[in-house]
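# Observations on chain architecture
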Amino acid sequence: ARIKGTPIIEALAFFILVMVVSQTNANASASHGVGKVPLIHGETRDSPPPPLLPECLLLTCDPSELCVAPAERPADAKYKGPRVNKTVEFTEVLFQEWKNECYPDGVDENLSSLGRPHMYTSETGENYYGHIVYPPNFQEGETLPGIIIFQTGAGPRDLYFHWKADAFARGIHNGVQTEHRCIVFIADTFGDERGWGWDNDKTRYNTVRKDIITTNSQGIREKLRKHSLLCIDTFKNEVKGVDKNNIAAFGWCFGGQTLLELSRMRVPGIKCCASFHGVFDGITHSKLEETSGTPLSIAIFHANSDPFCDLEDIEFMKKQLNKAACVEWTFHEFGGPIYHGFTNPSHLYHPRPNCFNYSKAATDFSMRVALELFADTCFPN
């Protein structure tokens, strides 16, 4: 626009305008992680999409910065995103395992998948903070099957999921490169922008969790179903390149609740589900439903000694799956000293070793079966 006045006034006004625009652009760049700062939150609904950045940039951060809330970090911290892990020790273990599987010859941005945050909004106005991950050689106009990752009890802000998303997107299955590249969406069920799922004070977490899995007067977990559909619809309709007819849903811990609802809902396009040490508390308050619809294959991986899974809940879950026509399901149970969270190697150092631990054998088996199921159902050719 033309700024009218004397030449001196015009020049001064133009200088001020340039400074304001420059600062605005700088702030926008900082908020979206420009400059190779891996940011996993910060956008608003009206913001332009953040840039795609190599997921492996997380491996270049100071582990201590990933284990505290944004407000608790020093001003010069490289990492600007939400809290994504419990302790420095946990983070160092995941860093090493991520490197071993995906970067055995050294971290290389050219090999990395590319990710960015994706905020989405419910019909009632609540914001949720997902994360999209593409394979490194994804081409404009290409269409690929997808995997939706449904969160653990710690919430969607989890370093472990960024490792798994990097591997899945690139088609790396248990350390072996395959042709099954895909697009991955780390879904948010809690509306957790900053990583409060890791807070020691669990008041907010317990309130949100209880609200989501509560049944209505008809015995339906209505809010959990709405959250699940919101995640799926967002992935289908807002993420470019997703093959809407070939999607897998993988859930860890709390994510098992979501997968059970998907078996009842039979959402078109969801071809298979896998539950890793899923919890199913509260399901006995819901009603058994006879369902039909889109064929669905489900694999459940469970530790017999998981202290967070009651036998009554497990048996009810099996009864529900048997009620769901057109659902093929398998139940894999691990005996011995294998507990909750057995796919996460950082649990080798968990302060509650009789509740959480890691089993490489159970993990390798679970991942192999789940990814074979994904390949068989979502890559029909």
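Cut-offs and rules
- Residues take numbers from 1 onward in each chain, read along the sequence in its written order.
- Local features in a predicted model are, by the rule used here, given only for residues with pLDDT of at least 70; side-chain atom pairs are given and counted only at 80 or more, and totals for whole chains, interfaces and linings are based on all residues.
- Here the side-chain values reflect all heavy atoms present in the structure, with hydrogen atoms and water set aside.
- A run of H or I in DSSP becomes a helix once it reaches four residues, and a run of E becomes a strand once it reaches two; helices and strands are each numbered from the N terminus.
- Multiply 1.5 Å by the residue count of a helix minus one, and that product is the helix's expected span.
- Burial classes follow relative accessibility: with a 1.4 Å probe on protein chains only, a residue under 20% of its type's maximum area counts as buried, one over 50% as exposed, and anything between as partly exposed.
- Taking the helix axis as origin, the arc is that swept by the directions to the C-beta atoms.
- Here, two residues are considered to be in contact whenever any of their heavy atoms come within 4.5 Å of each other.
- Strand pairing requires that DSSP identify at least two bridges connecting the strands.
- Lines fitted to C-alpha atoms define the axes, with helix axes restricted to the stretch in contact, and inter-axis angles between N-to-C directions lie between 0 and 180 degrees.
- By the definition adopted for this analysis, an angle is roughly parallel if under 35 degrees, roughly antiparallel if over 145, roughly perpendicular if from 65 to 115, and oblique otherwise.
- Handedness of a crossover: with both strands directed away from the viewer, a clockwise path from the first strand across the helix to the second marks it as right-handed.
- If you view the pair so one helix is near and one far, a crossing is left-handed when the near helix is turned anticlockwise from the far one by less than a right angle, and right-handed when it is turned clockwise.
- Throughout this entry, Asp, Glu, Lys and Arg are counted as charged residues, while Ala, Val, Leu, Ile, Met, Phe, Trp, Tyr, Cys and Pro are counted as nonpolar. The remaining residues, Gly among them, count as polar.
- The term salt bridge refers to a side-chain nitrogen of Lys or Arg lying within 4 Å of a carboxyl oxygen of Asp or Glu.

Spanning 13 residues, helix α7 (residues 311-323) covers 19 Å between terminal C-alpha atoms, matching the ideal 18 Å at 1.5 Å per step. Those residues of α7 lying buried are D313, I314, F316, M317, Q320 and L321. Across the axial projection of α7, the buried residues extend over an arc of 165 degrees, all falling on one side. Opposite the buried face of α7, at more than 90 degrees from it, the exposed residues are L311, E312, K319 and N322. Residues of α7 that are buried make contact with α6 (255-265), β10 (296-303) and β11 (327-334).

When you tally the buried positions in strand β4 (residues 144-150), you get 7 out of 7 residues, the bulk of the element. Pairing geometry for β4 and strand β7 (residues 183-186), over 4 bridges, is parallel. Its bridge partner lying in β7, I148 is registered against F185.

Running from amino to carboxyl end, helix α5 (residues 222-238) crosses α6 at an angle of 85 degrees, the nearest separation of the two axes being 10 Å. Compared by their axis directions, α5 and α6 come out roughly perpendicular. Along the contact surface, α5 presents L224, R225, S228, L229 and I232, while α6 presents Q257, T258, E261, L262, R264 and M265.

Judged by how many residues are buried, strand β8 (residues 242-252) sits mostly within the fold: 9 of 11 residues are covered. In the sheet, β4 pairs with β8 via 6 bridges, with the strands oriented parallel. Of the residues in β8, the one forming a bridge with I148 is A249. Bridging between β8 and strand β9 (residues 270-276) involves 6 bridges; their strand directions are parallel. Each bridged residue has a counterpart across the sheet, and for I247 the counterpart in β9 is I270. The β-α-β motif built from β8, the intervening α6 and the parallel element β9 has right-handed crossover chirality.

This part covers the packing of α6 against α7. Running from N to C, α6 and α7 point in directions that differ by 25 degrees, and their axes come no closer than 10 Å. Regarding the angle of α6 to α7, the classification is roughly parallel. The way α6 lies across α7 gives a crossing that is left-handed. On the side of α6, the interface is formed by L260, S263 and R264, while α7 contributes F316, M317, Q320 and L321. Among the residues making up the contact of α6 with α7, the classes are represented as 4 nonpolar, 2 polar and 1 charged.

For the rest of this paragraph, the subject is the pattern of salt bridges. Enumeration according to the criterion identifies 16 salt bridges in this entry. Between K318 and E315 there is a salt bridge; the shortest N-O distance is 3.7 Å. With a gap of 3 residues between them, K318 and E315 both fall in helix α7, about one helical turn apart. Among the residues examined, E315 registers a relative accessible area of 34% and is labelled partly exposed. Residues joined in a network through salt bridges with shared partners are R221, R225, E261, R264 and E289.

We now examine the sheet that holds β9. Read across the open sheet, the 9 strands follow the order β1-β2-β3-β7-β4-β8-β9-β10-β11; overall the sheet is mixed. Here the strands that pair on one side only, and so sit at the sheet edges, are β1 (53-54) and β11. Across 5 bridges, β9 lies against β10 in parallel orientation. Paired with A274 across the bridge in β10 is A299. Sheet contacts for helix α3 (residues 159-170): β3 (127-134), β4, β7 and β8; angle to β7, the most-contacted strand, approximately 165 degrees. Together, β2 (114-121), β3, β4, β7, β8 and β9 form the strand contacts of α5, whose direction differs from that of β2 by roughly 125 degrees.

The analysis is restricted to geometry; functional conclusions fall outside its scope.
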